Amino acid sequence: MDGTPPSDGTPAARQRQQNPLHDNRLLHGRGARTGYPLNSMCMSLNDPAAREEFQRDPESYMQRFGLTERQQDAVRRRDWRRMSELGGNIYFLIKIAMLDGVTVPELGAMVSGTPMEEFKAMMADGGRTADG
Amino acid sequence: MARLIAGIGASHVPAIGAAVDNGRTGVGIWKPVFEGYEPARRHLAEQEPDVAIVVYNDHGSAISLDIVPTFAIGVAASYPIADEGGGPRRIPVVHGDPELSWHLADSLVADEFDITACQKLPADHGLTVPLSILWGTPQQWPVRVVPLAVNVIHDPVPTAQRCFRLGQAIRRAIDAYEPDVKVVIVGTGGMSHQLQGERAGHINSEFDKMFLEQIRVDPVALTRISTREYAGLAGSEGVELIMWLIMRGALTEAVELVHEDYHAPVSMSGAGIVVLRDA
């Protein structure tokens, strides 16, 4: 599937032509199937009592939500990149991160595998460009 | 009869809300950003709308993955501020407009759109950050709010074209509403940003500026961009921009620009604001 629409000369069409269309796996299955147990567990952390329980006994908590072994392992190690690969959506994962005092930009650095200082410099410079 | 007096596009980046909550709007990078909001605030203070239809996406605050509506309208009398994992923002409760909400739901479904009516919808930052942007820190919000929550975070996501057409149907509903209320519609989210995966940190200011121009002069061109392309160009989280098309669809074909501004980066996003009205 090429996905390239015909050009109609409009600025929108020119934008489409200029930038490579990254295959964005993230749009598909984002939280949809594999991520459901992990994201659901994260959603439950909106409740203060649940946050306390998760911090007190994370193992039971994760099992209650039916996380897979790999998801449990990634959460245990706070491997954000792996959590994301296993279907975790950023808006849900951030609820665990908040408990650790990790911010959204720090999370972004970690899931993209970019060292924090480099990530900060990149963002200060206007963000990651289309070619990476 | 009800009148739609303005359409606004505004980012809802949480850091903007945090800047307001922590009194940092005059500090560092925030100073130019909030100076850029002033003309919009002045315009709304002059126009005195009664109700704001705020189009936004929930971010795992009120809407779980158990049931994911494509288009959800709040029909409640009020909306408590959501706890998103770190306690609720300390801002006034959002008051709803059930009469207008139900009128919209009735009208849109009759117009063959599929709407989920929500009696309970805690207010996520997607809704409340734009309120802070447009109305600052009042004791009470000076407008009633009809929340319109759109799923843009979980496949399948509605098309840009569908969003634009929904906006047009919303306009028909407003035009048929008998009470003499002044309505504004706010499309929120964006602008370009990607928070996850290898491309975390992606911002495309060129795209954002193109979008700001086209939403005014040729929104139909923006409806031809697929959600997959929006993700490619504006980042996976930049897909939120399709919600601005709901706002734009509610205005007339030709519009006047009241104000616009853009800054990047704001946290990890391009942050824009545009205020439009019927020409």
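See the structure printed just above.
Cut-offs used in this document
Residues numbered from 1 in each chain as written. Chains lettered and ligands numbered in written order. Predicted model: local features only at pLDDT ≥ 70, side-chain atom pairs only at ≥ 80, totals over all residues. Heavy atoms only, no water. Axes fitted to C-alpha atoms, helices over the stretch in contact; angles between N-to-C directions. Helix = DSSP H or I, 4+ residues; strand = E, 2+ residues; numbered from the N terminus. Parallel < 35°, antiparallel > 145°, perpendicular 65-115°, else oblique. Contact = heavy atoms within 4.5 Å. Nonpolar A, V, L, I, M, F, W, Y, C, P; charged D, E, K, R; others polar. Left-handed = near helix turned anticlockwise from the far one by under 90°. Buried < 20%, exposed > 50% of the residue type's maximum accessible area, 1.4 Å probe, protein only. Pairing = 2+ DSSP bridges. Core = buried A, V, L, I, M, F, W, Y, C linked by side-chain atoms within 4.5 Å.

*Asks:* With reference to specific residues and values, describe the packing of helix α3 (residues 38-47) of chain B against helix α5 (residues 125-135) of chain B.
*Replies:* Residue and element names in this part refer to chain B. It is at 7 Å that the axes of α3 and α5 come closest, and there the two elements cross at 80 degrees. Judged by the inter-axis angle, α3 sits roughly perpendicular to α5. Contact with α3, carried on its side by A40, R41 and L44, involves S132, I133, L134 and W135 of α5 and no other residues of that element. Of the residues belonging to the contact of α3 with α5, the class tally is five nonpolar, one polar and one charged.

*Asks:* Can you explain the packing of helix α6 (residues 160-175) of chain B against helix α10 (residues 242-250) of chain B? Please cite residues and give values.
*Replies:* For any two helices packed against each other, the geometry is given by the interaxial angle and the distance between the axes. Residues and elements named next belong to chain B. With their axes 6 Å apart at the nearest point, α6 and α10 run at an angle of 35 degrees to one another. α10 is crossed by α6, and the crossing has right-handed handedness. For the pair α6 and α10, contact is made by A160, C163, F164, L166, G167, Q168, I170 and R171 and by I242, L245, I246, R248, G249 and A250, respectively. Partitioning the contact of α6 with α10 into residue classes produces nine nonpolar, three polar and two charged.

*Asks:* Can you lay out the pairing of strand β8 (residues 182-188) of chain B for me, pointing to particular residues and giving the numbers?
*Replies:* All names here are of chain B. Among the seven residues that make up β8, six are buried, leaving the element largely enclosed by the rest of the structure. Pairing between strand β1 (residues 3-10) and β8: seven bridges, direction parallel. Paired with G7 across the strands is I185, a residue of β8. Here strand β2 (residues 51-56) runs beside β8; their pairing, made up of five bridges, is parallel. Paired with I53 across the strands is I185, a residue of β8.

*Asks:* Tell me what's going on with the nonpolar core, and back it up with residues and numbers.
*Replies:* What tends to happen in soluble globular proteins is that the nonpolar side chains get buried as a cluster. Residues and elements named next belong to chain B. Judged by nonpolar contacts, the single largest core of 93 residues is most densely connected at I170, Y230 and I246. For this core, the leading source of residues is α6, giving eight residues. Those residues in contact with I170 that sit more than four places away from it in its chain are I53, L104, L108, L148, I185 and I246. Core analysis: the next-biggest nonpolar cluster, separate from the first, contains 43 residues, V13, I16, I63 and L131 among them.

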